[in-house]
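These are the residues of each chain, in order.
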Amino acid sequence: MNSKLTPRFLIIGLVLIWATWAIWPTFQYQNLSDTEKESLRQEGKLVQIESRTIKQGLDLKGGMYIVLEVNLPILLENLAENKDSKFNLVIASVQDKLIQSPEADFFTLFTSVTKENNLKLSRYYYDYGSSNSAILTALGEEAEDAINRVLEILQNRIDQFGVAEPTIQKQGNQRIIVELAGVQDSERARTLLESTALLEFYLVKDVTITNEIMVKIDQALKGDESIAAITKTASPEKIDEPEKSDDETVSVSDLFGETENSESESDANAIEEAQFADRPFSTLLRNLGQSIGVPEKNVYAVKKILERPEVQEKLAAVGGIFLFSHKAEEYPLVDGTVESMYSLYLVEDEAELTGGVVDEAKANLGQQGSSSAGQPIVNLSMNTDGARKWSIVTGSNVGRKVALVLDKKVHMAPNIKEKISGGGTLIEGFANINEAKDIAIVLRAGALPAPVDIIEERVVGPSLGADSIRRGTQSVLIGLALVLLFMMVYYKMSGLIANFALIWNIILVLAVLASLGATLTLPGIAGLILTVGMSIDANVIIFERIREELRKGKTNRAAIDAGYSRALTTIIDANITTVIAALVLYQFGTGPIRGFATVLFWGIVISMFTAIFLTRTIFKSFASKSGQGKMRIVQDSALDFMGKSRMASSLSIVLILAGIISLGLQNGPRLSIDFKGGTHVAVRYTENMDINAIRGAMGTVSIEGQSFNFSNEEIKHFGSQKEVSIRISHFDNE
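The rules behind the values
- Residues numbered from 1 in each chain as written.
- Predicted model: local features only at pLDDT ≥ 70, side-chain atom pairs only at ≥ 80, totals over all residues.
- Heavy atoms only, no water.
- Axes fitted to C-alpha atoms, helices over the stretch in contact; angles between N-to-C directions.
- Helix = DSSP H or I, 4+ residues; strand = E, 2+ residues; numbered from the N terminus.
- Parallel < 35°, antiparallel > 145°, perpendicular 65-115°, else oblique.
- Left-handed = near helix turned anticlockwise from the far one by under 90°.
- Contact = heavy atoms within 4.5 Å.
- Nonpolar A, V, L, I, M, F, W, Y, C, P; charged D, E, K, R; others polar.
- Patch = residues over 30% accessible without salt bridge, like charges linked within 9 Å, V, L, I, M, F, W, Y side chains within 5 Å.
- Areas by Shrake-Rupley, 256 points an atom, 1.4 Å probe, with all protein chains shown as cover.
- Salt bridge = Lys/Arg side-chain N within 4 Å of Asp/Glu carboxyl O.
- Pairing = 2+ DSSP bridges.
- Buried < 20%, exposed > 50% of the residue type's maximum accessible area, 1.4 Å probe, protein only.
- Core = buried A, V, L, I, M, F, W, Y, C linked by side-chain atoms within 4.5 Å.

Novice: I'd love a proper account of the packing of helix α5 (residues 85-100) against helix α6 (residues 106-116), names of residues and values included.
Specialist: It is at 10 Å that the axes of α5 and α6 come closest, and there the two elements cross at 135 degrees. Put simply, α5 runs oblique to α6. Judged by the twist between their axes, the crossing of α5 over α6 is right-handed. Only Phe106, Leu109, Phe110, Val113 and Thr114 of α6 make contact with α5, whose side of the interface consists of Val90, Ile91, Ser93, Val94, Lys97 and Leu98. In the contact of α5 with α6, the residues fall into 8 nonpolar, 2 polar and 1 charged.

Novice: An account of a nonpolar patch on the surface is requested, with residue identities and associated values reported.
Specialist: Judged by side-chain polarity, Leu485, Met488, Val489, Met493, Leu496 and Phe622 come together as a nonpolar surface patch covering roughly 530 Å² of accessible area. Position of Leu496 relative to the elements: it lies in helix α17 (residues 466-516).

Novice: Describe the sheet that holds strand β13 (residues 353-354), and please don't skip the residues or the numbers.
Specialist: Reading across from one edge, β13-β5-β16-β17 is the order of the 4 strands in this open sheet, with antiparallel pairing throughout. The open sheet terminates on both sides in strands that have one partner only, identified here as β13 and β17 (409-412). Pairing of strand β16 (residues 402-406) with β17 involves 3 bridges; the strand directions are antiparallel. Bridge pairing in β17 places Leu406 opposite Lys409.

Novice: I'd like a rundown of the environment of Asn709, residues and numbers included.
Specialist: When you line up the elements, Asn709 lands in the loop between β23 (706-708) and β24 (714-718). Under the relative-accessibility criterion, Asn709 is labelled partly exposed at 43%. Sequence separation of Asn709 and Met698 is 11 residues, and the distance between their C-alpha atoms is 6.4 Å. Ignoring any residue separated from it by four or fewer positions in sequence, one finds Asn709 in contact with Met698 and Gly699.

Novice: Outline the nonpolar core, listing residues and values.
Specialist: Core analysis: the largest hydrophobic core is formed by 44 residues, its most contacted members being Leu510, Leu513, Ile542, Phe543 and Ile546. Those elements that provide at least two residues to this core are α1 (6-30), α17, α18 (522-551), α19 (556-588) and α20 (592-626). Examining the composition of this core, we find that 15 residues originate from one element, α17, more than from any other. Among the nonpolar cores identified, the runner-up in size contains 42 residues, and Ala146, Ile147, Val178 and Val452 belong to it.

Novice: Summarise the pattern of salt bridges; cite the residues concerned and give the values.
Specialist: Where charged atoms from two side chains of opposite charge approach closely, those side chains can pair. Using the criterion set out here, one finds 15 salt bridges in the structure. The salt bridge involving Lys304 is made with Glu307; its shortest N-O contact spans 4.0 Å. Taken together, the residues span about one helical turn, with Lys304 and Glu307 both in helix α13 (residues 299-307) at a distance of 3 residues. In this structure, the salt-bridge partner of Lys389 is Asp385, at a minimum N-O distance of 3.5 Å. In this pair, Lys389 and Asp385 are both assigned in helix α15 (residues 384-396), 4 residues apart and thus about one turn of the helix distant. Judged by its relative accessible area of 36%, Lys389 falls in the partly exposed class. Bridged by salt links that share partners, the residues Arg545, Glu548, Glu549, Lys552 and Arg566 form one connected network.

Novice: So what's going on with the pairing of strand β5 (residues 199-203)? Residues and values would help.
Specialist: Taken residue by residue, a regular strand's side chains alternate between the two faces of the sheet. Counted residue by residue, β5 has 5 buried out of 5 residues, so it is predominantly covered. Side-chain alternation along β5 places Leu199, Phe201 and Leu203 on one buried face and Glu200 and Tyr202 on a second face that is also buried. Pairing of β5 with β16 involves 5 bridges; the strand directions are antiparallel. Within β16, the residue paired with Leu203 across the bridge is Val402.

Purely geometric numbers; function is a separate question.
Encoded structure:
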């Protein structure tokens with residue numbers, strides 16, 4: 001080996017070793033059986049392998065199919081400036097009608113119910129107009145805008161969640177379809193999608209007001225027999241077999257005053273009638289020292305009591321609302337056992353600040369020496385306006401508690417020790433770092449303008465269908481084999497070198513995708529095939545340049561140097577323009593477009609390495625061995641290509657004109673459902689169905705005297721082999 005080439009071979013060797021190391025987990029994972037995967041999962045090793053594999057997109061592998069519905073009644077409640085019992089009755093009536101007729105249009109029902117109840121909307125939405133019709137039109141526009149914002153926010157959340165190539169699209173007026181490729185933690189994904197992420201900062205009412213409101217609630221409910229029915233519903237599974245455990249039933253004064261020594265009373269599953277009759281609300285609560293506790297078995301009863309109109313009136317009189325903590329914690333009882341309880345806070349009815357002032361949210365572990373050392377936290381930084389308001393709030397309420405509330409659940413309620421300037425603060429109380437990261441994601445992406453509910457969730461098969469994937473894979477392999485065969489036949493030994501570089505080009509691209517944690521989809525495969533063509537194109541240019549130099553009588557080494565030098569400018573020009581296009585697609589595209597751009601970008605970069613650096617090193621090695629002799633890069637072709645240039649040019653012009661005329665006759669290209677919309681049909685059969693049979697049946701479909709071919713539309717299994725999803729694009733004559 002030429003000593004001058006040693007560094008080049010070392011670089012090539014290191015790159016190939018790295019590529020093999022990066023791509024090996026993917027091959028290893030693909031060859032594992034289900035039994036082996038389960039065994040590795042139990043050993044905790046499968047996660048490590050999966051984290052280093054190339055993820056497949058929804059069109060190749062399948063994933064989660066989720067239908068979300070935007071809660072428009074809650075949106076209208078949030079938009080209303082003034083709310084009273086009549087307004088709440090109308091909203092509740094519309095919600096009941098939606099439950100009975102889920103497919104009904106919300107605004108049609110809302111308009112109907114407002115007319116029936118003679119509700120003047122200008123009283124509640126005076127900023128949206130003076131007449132009911134004008135207000136309804138404005139509210140419809142607000143709802144449309146809210147759904148569009150939900151789409152954008154969900155896209156941002158999913159992108160940060162790490163799911164590549166998601167499908168997010170609107171269905172009808174208030175539903176959104178989300179398809180997530182290869183998602184393993186479905187519960188975490190559901191939480192991320194459903195979370196409204198409304199962050200609010202509430203001041204906590206002082207002890208005196210809390211005691212007074214609890215006394216008033218007890219007095220308002222005293223003697224009401226319907227309360228007993230509510231408490232019996234709280235934990236029905238334990239009514240028949242009550243278990244006894246010591247606990248401390250506290251009086252109202254005990255909840256925030258000094259606790260007195262008293263004998264333990266058994267009230268784990270049944271509350272003594274005398275106590276309950278006297279204090280129907282406070283008897284359900286526990287003293288946790290600095291806060292109120294609600295045993296898990298009493299949560300349902302407490303929430304039902306707080307929803308009652310007479311209780312809401314008492315709370316409105318003091319300008320307060322009760323909020324629960326976001327999770328239950330275990331507290332020790334006097335008998336040595338523990339009981340799971342939520343904390344209950346009485347806070348001001350208006351938030352001092354909302355999450356709209358948050359500029360940045362980062363998940364970290366608490367620093368050593370702090371109260372949250374080693375615990376997952378989220379650090380918040382506020383914008384200028386938020387920092388100013390936060391400084392005023394904390395400065396004027398030193399000594400009071402402030403509750404950090406996310407989606408109406410209290411995450412923490414620390415005491416304000418001093419004025420906080422600069423807007424920096426943190427949130428504690430997360431179960432693990434993943435929960436903290438998810439909260440940081442939704443805070444950065446922004447709060448949803450309206451809650452969303454998951455109304456359908458399924459595990460879906462590959463969107464292309466197994467038959468389409470099989471045929472697509474075969475076409476890719478056949479095309480690659482033809483290219484390799486052509487290069488070997490036409491360019492002989494040089495073709496083998498080009499084929500070697502081409503194979504390693506593909507391996508290096510896949511290695512980069514594995515290292516980046518990218519997802520491979522069908523558009524990504526298209527980008528990979530495009531880079532194969534461009535890589536071969538670069539080699540063809542180089543080989544022809546070298547052949548020209550050899551014809552001039554130059555030596556092998558001189559011909560190689562001159563050939564690569566003359567071809568380099570052409571190759572770089574062609575590749576740079578493609579790289580710029582890939583960067584633009586990645587920057588402004590979403591979903592599959594970004595996947596295509598990622599593969600294209602790295603494919604072009606790597607093809608320049610393999611075509612210019614790798615093959616040149618191999619050629620120089622051969623040239624040094626052959627000395628001053630001539631290398632036959634390619635045999636002289638018997639075809640006079642240049643002599644037939646006029647015929648080839650004429651044929652090209654004819655084909656281009658034919659394509660333009662065809663586009664005109666077809667009214668342009670046929671846009672798919674992703675661009676133009678269409679019909680999504682979910683069919684449940686009584687037996688397992690074969691996708692090929694369905695495609696055959698949809699080859700000729702007659703609709704109102706017209707025939708259509710739907711065999712090439714998106715047809716796939718979802719949920720089970722008996723359930724089939726069909727997505728059909730709409731065209732002008734359909």
